[in-house]
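# Structural characterization, general
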Amino acid sequence: MQSETLAQIQSDRDGKTPVVRALDLESGNEHLIRPFDDDPGSSLLQAAQNAALADKSQAVEIDGKRIFLQVFNPPLRMIVVGAVHISQALVPMAQIAGYDVTVVDPRRAFGSDIRFPGVTLSNDWPDVAVTALKPDRRTAIVTLTHDPKIDDPALNAALTSTAFYIGSLGSRKTHAARLARLSKAGFDETAQARIDGPIGLAIGAKSPAEIAISIMAKITQTLRQAPTGDAPTTGVKETAEHTTPAVSAGA
């Protein structure tokens, strides 16, 4: 790896920007791709985006050339607003799935070490906490208090971020009222559509643990699917024997 390439990867890591190193296995030429920021259209960019979404470095064949795509993704993070029963089930699931979790709740009786041992806690007001945590494209944000006084400030901050997933607990009626409040706050329909509400996959979940499962499943689905649907595969062929795990940019 060239020194200037390594320096740029370090810079992108500091900025929590996903980046993919594309190495021509024949010529040795290399360049960096920002899979979610560069202009779409090329087969190479589509392959780089797929690799980044899968967290999997891999060799592909594009237009007769063998290219190794080395993924450098920032760490996965989850911000959970509301130290409630669902959160107590969701947090360990998210940690097992590889997320660095922060639980935010200004109510100290809820957001306590006793109820969430070994978990990063913030008792700041949600908009302050979410903004300070600087959510990026590898961050999921969920609001679970069912209290507009707490959830709405968190959503206001979340919608100004690049978080890949934003979800909020509540019925369809509750969500409709939430969207109306966000509209009055100046968020248009495109911004409102970023919120998964009612939160989670529709699996008929009832208990806090089942609801947590539905939330974790929806977050995983959102993380792994391409933003614009299935990317075309014309001209791109994966070379399975060269597939390796991605390198976390936070390592």
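Residues numbered from 1 in each chain as written. Predicted model: local features only at pLDDT ≥ 70, side-chain atom pairs only at ≥ 80, totals over all residues. Heavy atoms only, no water.

Attention shifts here to the overall build of the protein. The secondary structure content of the protein amounts to 8 helices and 12 strands. Summarising the internal contacts of the protein: among those between residues at least 6 apart in sequence, 63% fall at separations of at least 24. As displayed, the protein has an accessible area near 12400 Å², and 53% of this comes from carbon and sulfur atoms. (Helix = DSSP H or I, 4+ residues; strand = E, 2+ residues; numbered from the N terminus. Contact = heavy atoms within 4.5 Å. Areas by Shrake-Rupley, 256 points an atom, 1.4 Å probe, with all protein chains shown as cover.)

In this section: the pairing of strand 8 (residues 139-143). Burial of strand 8 is extensive: 5 of the 5 residues sit out of reach of the surface. Side chains of strand 8 alternate between two faces, with Thr139, Ile141 and Thr143 and Ala140 and Val142 buried alike. Pairing geometry for strand 5 (residues 77-81) and strand 8, over 5 bridges, is parallel. Bridged to Arg77 within strand 8 is Thr139. Relative to strand 9 (residues 165-168), strand 8 is paired through 4 bridges, and the arrangement is parallel. Looking at the pairing, Val142 lines up with Gly167 of strand 9. (Buried < 20%, exposed > 50% of the residue type's maximum accessible area, 1.4 Å probe, protein only. Pairing = 2+ DSSP bridges.)

Averaged over all residues, the pLDDT of the protein is 87; the fraction at 70 or higher stands at 88%. Predicted confidence for residues 228-245 stays below pLDDT 50, and this span has 35 contacts to residues more than four positions away or in other chains. (pLDDT = per-residue confidence, 0-100.)

Ordered by their spatial adjacency, 6 strands build an open sheet running 7-6-5-8-9-10, and the pairing between neighbours is parallel. Edge strands, defined here as strands with exactly one partner in the open sheet, are strand 7 (120-122) and strand 10 (195-196). Summarising the sheet, strand 6 (residues 100-104) and strand 7 pair through 3 bridges and their orientation is parallel. Its bridge partner being in strand 7, Val103 is matched across the sheet by Leu121. Running at roughly 175 degrees to strand 5, helix 4 (residues 126-133) makes contact with strand 5, strand 6, strand 7 and strand 8 of the sheet. (Axes fitted to C-alpha atoms, helices over the stretch in contact; angles between N-to-C directions.)

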